[in-house]
Amino acid sequence: MFGKTTSIGKLANLYKSQGKRVLLAGADTFRAGAIEQIDIWAKRADVNICLGKDGQDPASVIYDATKLFANSDFDILICDTAGRLHNKKNLMDELDKIKRTIDKNLHNILTNVYIVVDSTTGQNATVQVKNFYERTSVNGIILTKLDSTAKGGIILNIVDELSIPVKYIGVGEHIDDIEVFDSKKFVDSII
Ligand SMILES: Nc1nc2c(ncn2[C@@H]2O[C@H](COP(=O)(O)OP(=O)(O)OP(=O)(O)O)[C@@H](O)[C@H]2O)c(=O)[nH]1
Ligand SMILES: [Mg+2]
């Protein structure tokens, strides 16, 4: 529960407000209620969504979404996936399959893989991001829950060790509670 789905809802709204045509893919077919949750975010942000069914192979949802994206005039596709631990081989293999599907269907399109880091998680976050970094093509961080008492200092270690840029911060549970990461503002807030 780091804020992946919530961040996707907020990003959908942000990109839409910038005039982008946004498509979401609801590919967390694993956790009960996850499909309904992302669907609610799509309605809230008033964007289109390609929804999976509970228990469906997530890569097949991504297949449908990438095909739709490639054949329509959307500008941005954001895919929601189930939370997983890096040491669960079958779930990590599933991520590989999702990535292969995206690369195959959208090979000429810029793709980003963002990991969501909950600023309240503490030192454990470094280990988690490191493991995902070594195992996937993650190239950006969304730092959530900066509205809590946690100041997100944990990210300093991560960025220092892995040089993955922080892209966005989550500052609450509402649709507008997202900001582009501003390193100066961030540093000022923790010193
Ligand atoms: N205060 C605060 N709460 C947040 C923020 N981002 C997400 N949340 C809350 O964190 C909880 C979990 O968020 P989700 O978006 O469902 O997290 P997830 O990573 O998709 O979780 P799973 O799908 O279960 O793996 C929800 O209650 C959100 O409202 C944030 O920036 N600030
Ligand atoms: Mg989720």
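Conventions and cut-offs
Sequence positions are assigned chain by chain, starting from 1 and proceeding in written order. Key to labels: chains lettered from A, ligands numbered from 1, both in the order written. Two thresholds apply to this predicted model, a pLDDT of at least 70 for residue-level local features and 80 or more for giving and counting side-chain atom pairs, whereas whole-chain, interface and lining totals are computed over all residues. Computation of side-chain values: all heavy atoms of the structure, hydrogens and water removed. Secondary structure elements follow DSSP: runs of H or I no shorter than four residues count as helices, runs of E no shorter than two count as strands, and numbering proceeds from the N terminus. Expected helix span is given by 1.5 Å per residue-to-residue step, counting one fewer step than there are residues. Exposure classes here rest on a 1.4 Å probe applied to the protein chains alone. A residue is buried below 20% of its type maximum, exposed above 50%, and partly exposed in between. By definition, residues are in contact when any of their heavy atoms lie within 4.5 Å. One heavy atom suffices: a residue is near a molecule or strand as soon as one of its heavy atoms comes within 4 Å of it. The term polar contact refers here to a pair of N or O atoms within 3.5 Å; inside protein, the definition further demands a hydrogen-donor-capable atom paired with an acceptor-capable atom, and it admits residues adjacent in sequence only when both atoms are side-chain atoms. The protein chains shown are the only cover counted for residues, whose accessible areas, like all others here, come from Shrake-Rupley with a 1.4 Å probe. Gly is placed with the polar residues, together with every amino acid not listed as nonpolar (Ala, Val, Leu, Ile, Met, Phe, Trp, Tyr, Cys and Pro) or charged (Asp, Glu, Lys and Arg). An automatic or database domain assignment supplies the residue ranges for each domain. Just to be clear on terms, a salt bridge is a Lys or Arg side-chain nitrogen sitting within 4 Å of an Asp or Glu carboxyl oxygen.

Participant: I tried to follow helix H4 (residues 89–105) on my own but got confused; where do I start?
Facilitator: Three or four residues apart is the spacing at which side chains of an α-helix point the same way, because the helix has 3.6 residues per turn. For H4, with 17 residues, the first-to-last C-alpha span of 24 Å sits near the 24 Å given by 1.5 Å per residue. Turning to H4, its buried residues are Leu91, Met92, Leu95, Ile98, Thr101, Ile102 and Asn105. Elements in contact with the buried residues of H4: helix H3 (58–71), strand E3 (76–80) and helix H5 (124–135).

Participant: Sorry, what's going on with the site of ligand 1 here?
Facilitator: With respect to spatial proximity, 18 residues lie near ligand 1, and among them Lys4, Thr5, Thr6, Asp147 and Glu173 are the closest. Here threonine 6 contributes a side-chain N or O atom positioned 2.5 Å from an oxygen atom of ligand 1. Residue aspartate 147 places a side-chain N or O atom 2.7 Å away from a nitrogen atom belonging to ligand 1. Protein contacts shield 84% of the accessible area of ligand 1, which totals 650 Å² for the unbound molecule. Top element by residues in the shell around ligand 1 is helix H1 (residues 4–17). It accounts for four residues. Looking at the shell around ligand 1 residue by residue, the classes come out as three nonpolar, eight polar and seven charged. Each of two domains, domain 1 (1–111) and domain 2 (112–191), supplies a minimum of three residues to the shell around ligand 1.

Participant: What should I look at first to understand the pattern of salt bridges in this one?
Facilitator: Two side chains with opposite charge may pair up if their charged atoms get near one another. Under the criterion given, the structure shown has 14 salt bridges. Two residues, lysine 89 and aspartate 93, come together in a salt bridge whose shortest N-O distance is 2.6 Å. Separated by four residues within a single helix, lysine 89 and aspartate 93 lie in helix H4, roughly one turn from each other. Given the relative accessible area of 29%, aspartate 93 is considered partly exposed. Put simply, Lys89, Asp93, Asp96 and Arg135 are held in one network by salt bridges that share partners.

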